[in-house]
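Architecture at a glance
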Amino acid sequence: MTVNLIAVGGLKEAYLRSACSEYIKRLGRYCTFELHELDECRLSSSPSEKEISAALKKEAEQIKKYAKGYIIPLCIEGKQLDSPQLSAKITEACINGSSTVTFIIGSSYGLDDSVKALGSFRLSMSAMTFPHQLARVMLLEQIYRAFQIAEGGKYHK
């Protein structure tokens, strides 16, 4: 199985890059992991709705180049799952013939509707607001936890 993560924007802080690297290393036991880190469109300090929309459309063009398999965009209107439910969702995708599960994290302004429409399932991390860069670490940890749950490992208690 391949887990594909498309993320708009880079990780600036070393501690976040380190945390991501650790989970990516752990995931190597369970899957092939692909990271596609895309450039975030530069916006003015007070962007208009039109400027934001244009940026999201431009980012969507790049995202679509890498989106494949069972696609899970992360968006505010998505469904919240607990860890066992996410594990079941990934397992279900594999059972139904998807050899690739793609997660998509948009820019700090989110995702264009055309990317959300690609989704086999839309996921919301939480009703709470988190720093955009932290979402990648949290998602990687949850994907690792999902594989541990599926395996019956001791990581998830």
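So, here is what we can say about the structure in this document. Counting from 1, residues in each chain are numbered in the order their sequence is written. pLDDT decides what is reported in this predicted model: residues at 70 or higher carry local features, side-chain atom pairs at 80 or more are listed and counted, and totals for whole chains, interfaces and linings draw on all residues regardless. Only hydrogens and water are set aside when side-chain values are computed; all heavy atoms of the structure are taken into account.

1. Observations regarding the sheet that holds strand β2 (residues 32-38)
Any two strands between which DSSP finds at least two bridges are classified as paired. A run of H or I in DSSP becomes a helix once it reaches four residues, and a run of E becomes a strand once it reaches two; helices and strands are each numbered from the N terminus. Spatial strand order, β2-β1-β4-β3: four strands in an open sheet with parallel pairing. Strands with a single pairing partner mark the edges of an open sheet, and in this sheet they are β2 and β3 (70-79). Sheet twist, expressed as the average angle between the axes of neighbouring strands with direction ignored, equals 20°. Pairing between strand β1 (residues 2-8) and strand β4 (residues 100-105): six bridges, direction parallel. Paired with Leu5 across the two strands is Phe103, which belongs to β4. Contacts: residue pairs with any heavy atoms within 4.5 Å of one another. Between N-to-C directions, angles cover 0 to 180 degrees, with each direction set by a line fitted to C-alpha atoms, over the stretch in contact for helices. Of the strands in this sheet, β1, β2 and β4 touch helix α2 (residues 49-64), which is tilted by about 160° from β1.

2. A word on the packing of aromatic side chains
Put simply, two rings from Phe, Tyr or Trp (the six-membered ring, in Trp's case) pair if the centres are within 6.5 Å, and we call them stacked under 30 degrees between planes, edge-to-face over 60, tilted for the rest. This model, assessed by the stated rule, comprises four aromatic pairs. For the pair Tyr30 and Phe147, a centre-to-centre distance of 5.4 Å together with 15° between the ring planes defines the contact as stacked. Of this pair, Tyr30 sits in the loop between α1 (14-27) and β2 while Phe147 sits in helix α5 (residues 132-151); the two residues are 117 residues apart in sequence, bridging distant segments of the chain. Here the term buried applies to any residue with accessible area under 20% of the maximum for its type, exposed to any over 50%, and partly exposed to those in between, with areas from a 1.4 Å probe on protein chains only. On the accessibility criterion, Tyr30 (17% relative accessible area) is buried. Phe147 gets classed as buried once you look at its relative accessible area, which sits at 11%. A connected cluster of aromatic rings, assembled from ring pairs, spans Tyr23, Tyr30, Tyr144, Phe147 and Tyr155.

3. Looking at the pairing of β3
As a general feature of sheets, a regular strand has side chains that alternate between the two faces. In terms of burial, β3 is a largely internal element, seven of the ten residues being buried. Looking at chain direction, β3 and β4 are connected through four bridges and run parallel. Bridge pairing in β4 links Tyr70 to Val101. For the handedness criterion, the strands are oriented away from the viewer, and a crossover whose path from the first strand over the helix to the second runs clockwise is classed as right-handed. In terms of handedness, the path from β3 via helix α3 (residues 83-95) over to β4 forms a crossover that is right-handed.

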